Amino acid sequence: MRVIINSNYQQCAQWAAEYVAYKIKAAHPTKEKPFVMALPAGSTPLGMFEALISMFKKGKISFQNVVFFNMNEYVGLAPEDKNSFNYYLWDNFFQHIDIRKKNIHLLNGQTKDFMQECASYEKLIRSYGGIDLLIAGIGEDGHIAFNEPGSSLGSRTRVKALNRNTIRANARFFNNNENLVPKLVVTMGVATIMDADEVMLIATGDKKADAIRCAIEGSVNHMCPVSILQMHPHALIVCDEEATSKLQSDIVRYFNDNENTKFGRKI
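A brief report on the enclosed structure follows. Because the structure is a prediction, the values reported are computed rather than measured.

Moving on to the sheet that holds strand β8 (residues 184-187). Taken in spatial order, the three strands line up as β4-β8-β7 in an open sheet, and their pairing is antiparallel. At either end of the open sheet lies a strand with only one pairing partner, and these are β4 (72-74) and β7 (158-161). Between one strand axis and the next, the sheet turns through 25 degrees on average, direction left out of account.

Shown next as structure tokens:
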């Protein structure tokens with residue numbers, strides 16, 4: 001596991017964006033062999049999206065040969081609903097870059113057959129040869145995508161019910177009304193996430209400190225699903241100092257030293 005510790009949210013967002021641009025360019029994607037990514041929603045990736053959009057407008061990066069998947073969607077919300085993750089990704093990212101519409105694959109929260117939707121999504125990911133870079137946020141309770149505590153570490157894309165803590169946390173997007181938050185979601189599973197060639201987790205703020213401690217110092221267990229990243233051969237955590245506030249000081253120093261040695265990398 002590689003851990004990048006920045007001073008604040010904006011530095012994390014910029015670092016993450018530069019890393020995404022680096023990975024895309026290094027892959028030399030083509031129409032026949034695109035670079036495949038999975039994206040989260042929520043407040044965490046907004047700064048990264050803004051930085052990537054800026055890079056695109058300056059001609060530093062193109063997304064024409066990049067394929068995007070999203071990680072989850074609320075059950076029952078139409079794509080045009082402003083609270084849907086479909087709308088979120090289009091509004092905050094896709095409409096501002098040169099992405100080919102056919103290269104965008106988003107989960108359908110209004111399907112009549114969720115079992116088929118989930119199976120087809122997994123099959124579509126495999127048809128591209130898998131996900132090259134999956135970007136994720138993290139919940140205060142250690143959930144990744146909508147795989148909350150208690151989720152099977154072998155889970156695949158599926159429908160699941162949200163727990164009360166997640167509903168409460170997401171109420172801020174629904175006029176602070178918990179009753180408006182959908183109770184069901186369709187989400188990538190933990191095993192689906194682990195199949196990605198590389199996973200980059202972004203976490204900022206002291207509210208994520210317990211989850212980061214669990215991810216880095218804790219044991220791998222289903223009550224803290226993000227801890228499974230300890231088992232991933234290419235896991236990268238980009239966080240700020242506040243998010244590391246509950247890590248042991250020698251562990252923080254260890255990861256900082258790794259980045260400062262001659263073997264450390266800026267990207």
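Picking up after the structure, the text goes on.
Overall, parallel pairing links the seven strands, which are arranged β1-β10-β9-β6-β2-β3-β5 in an open sheet. Two strands bound the open sheet, and with one partner strand each, they are β1 (2-6) and β5 (104-105).

When we look at a pair of aromatic rings, we describe it by the centre distance and by the angle of the planes. As enumerated under the stated definition, the model contains 17 aromatic pairs in all. Ring geometry for Phe-68 against Phe-93: centres 5.7 Å apart, planes inclined by 85 degrees, an arrangement best described as edge-to-face. Within this pair, whereas Phe-68 is found in strand β3 (residues 66-70), its partner Phe-93 is found in the loop between α3 (85-92) and β5, the two being separated by 25 residues in sequence. Among the residues examined, Phe-68 registers a relative accessible area of 1% and is labelled buried.

A few words on α3. Residues Phe-85, Asn-86, Tyr-88 and Leu-89 constitute the buried set of α3. Down the axis of α3, the buried side of the element spans an arc of 165 degrees, and every buried residue falls inside it. Contact partners of the buried residues in α3: β2 (35-39), α2 (46-57), β3 and β4.

Among all residues except glycine, the phi angle is most often negative; among peptide bonds, the trans geometry is most common. Positive phi, close to 45 degrees, is recorded for His-28, a residue that is not glycine. On the secondary structure map, His-28 appears in the loop between α1 (9-27) and β2.

Another point: the pattern of salt bridges. This model, assessed by the stated rule, comprises eight salt bridges. Here Glu-198 makes a salt bridge to Lys-23, at a shortest N to O gap of 3.0 Å. With Glu-198 in strand β9 (residues 198-203) and Lys-23 in helix α1, this residue pair connects regions lying 175 residues apart in the sequence. When its relative accessible area of 9% is taken as the criterion, Glu-198 is described as buried. The exposure class assigned to Lys-23 is partly exposed, which follows from its relative accessible area of 23%. With its nearest N and O atoms 3.0 Å apart, the salt bridge here joins Asp-210 to Lys-246. Note that Asp-210 is positioned in helix α7 (residues 209-217) and Lys-246 in the loop between β10 (235-240) and α8 (249-260), a separation of 36 residues in sequence. Because the salt bridges share partners, they merge into one network encompassing Glu-122, Arg-156 and Asp-195.

Calculation rules
- Along each chain, numbering runs from 1 in the same order as the chain's sequence is written.
- With pLDDT at 70 or above as the cut-off, local features in this predicted model cover only qualifying residues; side-chain atom pairs require 80 or more to be listed or tallied, and sums for whole chains, interfaces and linings still use all residues.
- Derived side-chain values reflect all non-hydrogen atoms in the structure, with water molecules and hydrogen atoms excluded from consideration.
- The rule for pairing is simple: two strands pair if DSSP sees at least two bridges between them.
- Numbering goes from the N terminus for both helices and strands, where a helix is a DSSP run of H or I of at least four residues and a strand is a run of E of at least two.
- Think of each axis as a best-fit line through the C-alpha atoms, taken over the contacting stretch in the case of a helix, with angles from 0 to 180 degrees between the N-to-C directions.
- What counts as a ring pair is set by centres within 6.5 Å for rings of Phe, Tyr and Trp (its six-membered ring), and what kind of pair is set by the plane angle: stacked under 30 degrees, edge-to-face over 60, tilted for all other angles.
- Exposure categories follow from relative accessible area, calculated using a 1.4 Å probe and restricted to protein chains: below 20% of the type maximum is buried, above 50% is exposed, and the middle band is partly exposed.
- Along the arc lie the directions from the helix axis toward the C-beta atoms.
- Every residue pair with non-hydrogen atoms within 4.5 Å of one another is taken to be in contact.
- A side-chain nitrogen of Lys or Arg and a carboxyl oxygen of Asp or Glu constitute a salt bridge if their distance falls within 4 Å.

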